Amino acid sequence: MRRLLCVHVFLCCLSMAAPFCPSHCTCVFHGRTDGAGTRSVLCNDPDMSDIPVNVPVDTIKLRVEKTAVRRIPTEAFYYLVDLRYLWITYNSVTSIDTGSFYNLKVLHELRLDGNMISVFPWESLKEMPRLKTLDLHNNRLTMVPTEAIPNLLNITYLDLSSNKLTTLPSDLMDIWPPFNGLTVSSNASQKIILGLQDNPWFCDCKISKLIEISKMADTPVVLMDLFLTCVAPENLAGVLFQRAELENCVKPSVMTSATKITSSLGSNVLLRCDASGSPTPKLYWTNSDGSPVNNAVQESPGEGINWSIMSLHGIEFKDAGNYNCKAKNVAGTAEATISVSIAGSISTTTPPPQPGVGAGPAVQNVTLTPPTVVSNSPIIMSTVLPRSSTTLAGVQRKPKTSPGNGSQKGSLKETKNQQGGDGRKLAADEKSKKSDASQSIKDLKIVEETTDSAVLLWTAGGKPNNAPLTVVYSPYGEDDSKRTLETKAGSGKVLLDGLSPGMRYSVCLVAKGSAAGKDPCIDFYTLDNIEDGGQNQFFIIISSIACVLVLPLIVFLVYKILALYCKGDNTALDEEELEKESYVKFETISMKQRALNVHPSELWARRATHDSERLLLCSRSSIDSQMTYKSEGSRFEYLC
């Protein structure tokens, strides 16, 4: 009895604890007459700094508003498996963990507006497969990564307004009509609501699809604000999306040379696709089932132009079908389809002892069977349009060197007997084609030989310009290392590269349908490697030029040095003479004592001056000589 009482008390406590409401929160239960109901929790205490952890597990709607919460930790709502509405609005949230919304499998609405979120964990949307509403407006988001696009497929209400977004991934609009290829319906339930206003948009080709949507009158994608405005570049600043005209932004266009190709079993087929657009589009190949094809190459010969070639080697019946070439750039996509079919061989009542003849015209009431022996057939380009009458490509016989020619004639004879006059005419045409194929190519010669390349020239003669030719070349006598090039008869020349210096090579032109051993061939030699000798000659020429230019300069400098040296000696002599002439030897003249009857010339007396009295060259401010006149009452006068 005591145990039953304890169990009853425990159950009562558990029932009271279940609807327990966390502190700083308000819990409201919305009951119904059938006894069921929903519970909503509101937490709006400004002092709350963490997400509450003891929220009732039966909560359907949780609102955390106007609090001091700055971070949403991992698995913050793990036990709220019935939560459908989560509002964490106008808080101070700056950090959200990748696993913050783990186990919210039935969540329909997530609102995080009015926070300071700069990076949102877009991969966390995988934990909310039923999410329809995502509100991130009035935050600090700067970008939406391309990786987020697959997680937004189910979103019907996306609000990214009032952030710092300048651009969006060009593929984002491809998940919604009309860019996803789905049929546009006027059903209101299929509308997509986008809030993108109040962002500093940089209007370029990356958001060209968004600009295109803003110009559409009736579209499933509805913008909350139709008056979106460009902020950059400068020439579009302040311009509405509806009036913006983007430069260098053109949707791609795709063109194929053929839409349908029929080829024989085991042959090699090349499918070509050309595209143009701005920016330069990229090309992708896919099979009829949508799987990508990797055996393709592409090249861009210029800005805005791209081409791609996909190769099918040794095609089988499973390779038949449609191949799609898709061109894509940030402005849009375009697609073209090439259909590939495989022709069989003509079956007869009595199978011939040897494989059937190469090809024959189309006939009625024939049975198509897969050929049993396949020879190396030439490559078929998609640029050659198929004829209106279907050609049944047969099996070509392998060439033999033994007297197998007799059996071949027998087989041809049997075919003639079966087909009558048409067979004889076909054989004659085939024989003439073989003889013409070997005689139409002439004037075969090699020009412009270098150490690693050469140019092969020929004259097509009567052969059509678009007739395929195969250039086969290899070192002389080394048949194991043959290399081939595909070209047209009308080109008249081809470059043979990748050769070794100083070697002998053999090159042959093989035309389709030519007889074995009748192909025109020619031998040639590549030049020896004279790179070192060329460098030596170059250095010799440079040295000669340098000598011619420098030698006169050296002679001129030697002359100047000698002239300066000789002039130095003369200067020393001149200075010595000048020094001698710069000083004057003076004598002092004084008057004698006056006497009677003295000749006037004897009135003056001379005396030699001392060295200390010798002075420099005369000037008005210096004393160069002195004259003493002694007399009574006279004074000394100094004259220059």
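Here the structure is a predicted model, which is why all the values come from computation and not from measurement.

Let us look at the overall build of the protein chain. When helices and strands are tallied, the protein chain shows five helices and 36 strands. When the 640 residues of the protein chain are sorted by exposure, 32% land in the buried category. Once local pairs closer than 6 in sequence are excluded, the contacts in the protein chain between residues at least 24 apart make up 58%. Accessible area of the protein chain: about 39700 Å², with a carbon and sulfur share of 55%.

Turning next to the sheet that holds strand 28 (residues 453–459). Spatially, three strands are ordered 27-28-31 in an open sheet, and the strand pairing comes out antiparallel. Bordering the open sheet on either side are strand 27 (442–447) and strand 31 (493–497), each of which pairs with just one other strand. Averaged over all pairs of adjacent strands, the angle between strand axes in this sheet comes to 20 degrees, irrespective of strand direction. Note: strand 28 against strand 31, five bridges, orientation antiparallel. Counterpart to Ala 454 in the pairing with strand 31 is Leu 496.

Within the structure shown, the criterion is met by 13 salt bridges. A salt bridge links Asp 171 to Lys 328; its shortest N-O distance comes to 3.2 Å. You can see Asp 171 sitting in the loop between strand 9 (157–159) and strand 10 (192–195) and its partner Lys 328 sitting in strand 20 (residues 321–329), a full 157 residues away along the chain. Overall, the relative accessible area of 26% leaves Lys 328 in the partly exposed class. A salt bridge links Glu 316 to Lys 318, with the nearest nitrogen and oxygen atoms 4.0 Å apart. Ionic contacts of the salt-bridge type, sharing partners, join the residues Glu 109, Arg 111 and Asp 135 into one network.

This next bit is on the packing of aromatic side chains. The final tally for this structure, using the stated rule, is five aromatic pairs. A centroid spacing of 5.2 Å and a plane angle of 90 degrees characterise the contact between Tyr 78 and Tyr 79, whose relative ring orientation is edge-to-face. Judged by its relative accessible area of 62%, Tyr 79 is exposed. Aromatic pair Tyr 505 and Phe 524: ring centres 5.8 Å apart, planes at 20 degrees, arrangement stacked.

Next up on the list: a nonpolar patch on the surface. A surface patch of nonpolar side chains, amounting to about 1100 Å² of accessible area, comprises Phe 538, Phe 539, Ile 541, Ile 542, Ile 545, Val 548, Leu 549, Val 550, Ile 554, Val 558 and Leu 562. Tracing the backbone shows Val 550 in helix 5 (residues 531–581).

Mapped onto the elements, Thr 59 comes out in strand 3 (residues 59–65). Taking relative accessible area as the criterion, Thr 59 reaches 0% and is therefore assigned buried. Of the polar contacts made by the side chain of Thr 59, one reaches the backbone oxygen of Pro 56; its length is 2.6 Å. Residues within four places of Thr 59 in sequence aside, it is in contact with Arg 39, Val 41, Asp 82 and Leu 83.

Counting residues in hydrophobic clusters, the biggest one holds 61 residues, and the most contacted among them are Phe 77 and Phe 120. Taken together, the elements giving at least two residues each to this core come down to strand 2 (37–43), strand 3, strand 5 (85–89), strand 10, helix 2 (208–214) and strand 12 (221–223). For this core, the leading source of residues is helix 2, giving three residues. In this structure Phe 120 touches Ile 96, Phe 101, Leu 110, Leu 112, Leu 125, Leu 134, Leu 136 and Leu 141, once residues within four positions along its chain are discounted. Judged by nonpolar contacts, the second largest core, of 20 residues, contains Ile 446, Trp 458, Val 494 and Leu 496.

With that settled, the discussion passes to the sheet that holds strand 32 (residues 504–511). The antiparallel open sheet is built from four strands, whose spatial order is 30-29-32-33. A strand with exactly one partner marks an edge of an open sheet, and here the two such strands are strand 30 (483–488) and strand 33 (521–525). Here the strands of the sheet are splayed against their neighbours by 25 degrees on average, with no regard to which way each runs. Here strand 29 (residues 468–475) pairs with strand 30 via six bridges, running antiparallel. Considered in strand 30, the bridge of Leu 469 is made with Thr 487.

Mapping Thr 133 onto the fold places it in strand 8 (residues 133–135). Taking the C-alpha atoms as reference points, Thr 133 and Tyr 157, separated by 24 residues in sequence, lie 4.7 Å from one another.

According to the stated counting rule, one finds six disulfides in the structure shown. Residue Cys 203 pairs covalently with Cys 230 via a disulfide, S to S 1.9 Å. Measuring the twist about the S-S bond at about -100 degrees, one finds the Cys 203-Cys 230 disulfide to be left-handed. You can see Cys 203 sitting in the loop between strand 11 (201–202) and helix 2 and its partner Cys 230 sitting in strand 13 (residues 230–232), a full 27 residues away along the chain. The same class applies to Cys 203 and to Cys 230, which are both buried. In this model, Cys 273 is linked to Cys 325 through a disulfide, with the two sulfur atoms separated by 2.0 Å. As the torsion about the S-S bond is roughly -85 degrees, the Cys 273-Cys 325 disulfide counts as left-handed. Pair noted here: Cys 273 is in strand 16 (residues 269–278) and Cys 325 is in strand 20, with a separation of 52 residues, a long-range link.

Among the structural elements, Ser 481 can be located in the loop between strand 29 and strand 30. Every residue in contact with Ser 481, bar those within four places of it in the chain, is listed here: Tyr 473, Ser 474 and Pro 475.

The rules behind each value
- Along every chain, residues carry numbers that run from 1 in the direction the sequence is written.
- Given that this is a predicted model, residues contribute local features only at a pLDDT of at least 70 and side-chain atom pairs are listed and counted only at 80 or more, while totals for whole chains, interfaces and linings are drawn from all residues.
- Side-chain metrics in this entry use all non-hydrogen atoms of the structure; hydrogen atoms and water are not considered.
- Labels follow the DSSP assignment, with helices taken as runs of H or I lasting at least four residues and strands as runs of E lasting at least two, numbered in each case from the N terminus.
- A 1.4 Å probe rolled over the protein chains alone gives each residue an accessible area, and that area as a share of the maximum for its type sets the label: buried under 20%, exposed over 50%, partly exposed in between.
- Residues count as neighbours in contact if any of their non-hydrogen atoms are within 4.5 Å of one another.
- Note on areas: Shrake-Rupley with a 1.4 Å probe; residue coverage comes only from the protein chains shown.
- The pairing criterion is simple: DSSP has to find at least two bridges between the two strands.
- Each axis is a line fitted through C-alpha atoms, taken for helices only over the stretch in contact, and angles between the N-to-C directions span 0 to 180 degrees.
- Take a side-chain nitrogen of Lys or Arg and a carboxyl oxygen of Asp or Glu: if they are within 4 Å of each other, that pair is a salt bridge.
- Between the rings of Phe, Tyr and Trp (Trp by its six-membered ring), a pair exists once the centres lie within 6.5 Å; its type follows the angle of the planes, with under 30 degrees stacked, over 60 edge-to-face, and the other angles tilted.
- Patch rule: a residue counts if its relative accessible area is over 30% and it has no salt bridge; like charges are joined within 9 Å, and nonpolar side chains (Val, Leu, Ile, Met, Phe, Trp, Tyr) within 5 Å.
- In protein, a polar contact requires one atom able to donate a hydrogen and another able to accept it; more generally it is a pair of N or O atoms within 3.5 Å, and residues adjacent in sequence count only if both atoms are side-chain atoms.
- Nonpolar cores were defined as sets of buried Ala, Val, Leu, Ile, Met, Phe, Trp, Tyr and Cys residues, with membership established by side-chain atoms within 4.5 Å.
- When two cysteine sulfur atoms are found within 2.5 Å, that pair is recorded as a disulfide.

The values are spatial; any link to function lies outside them.
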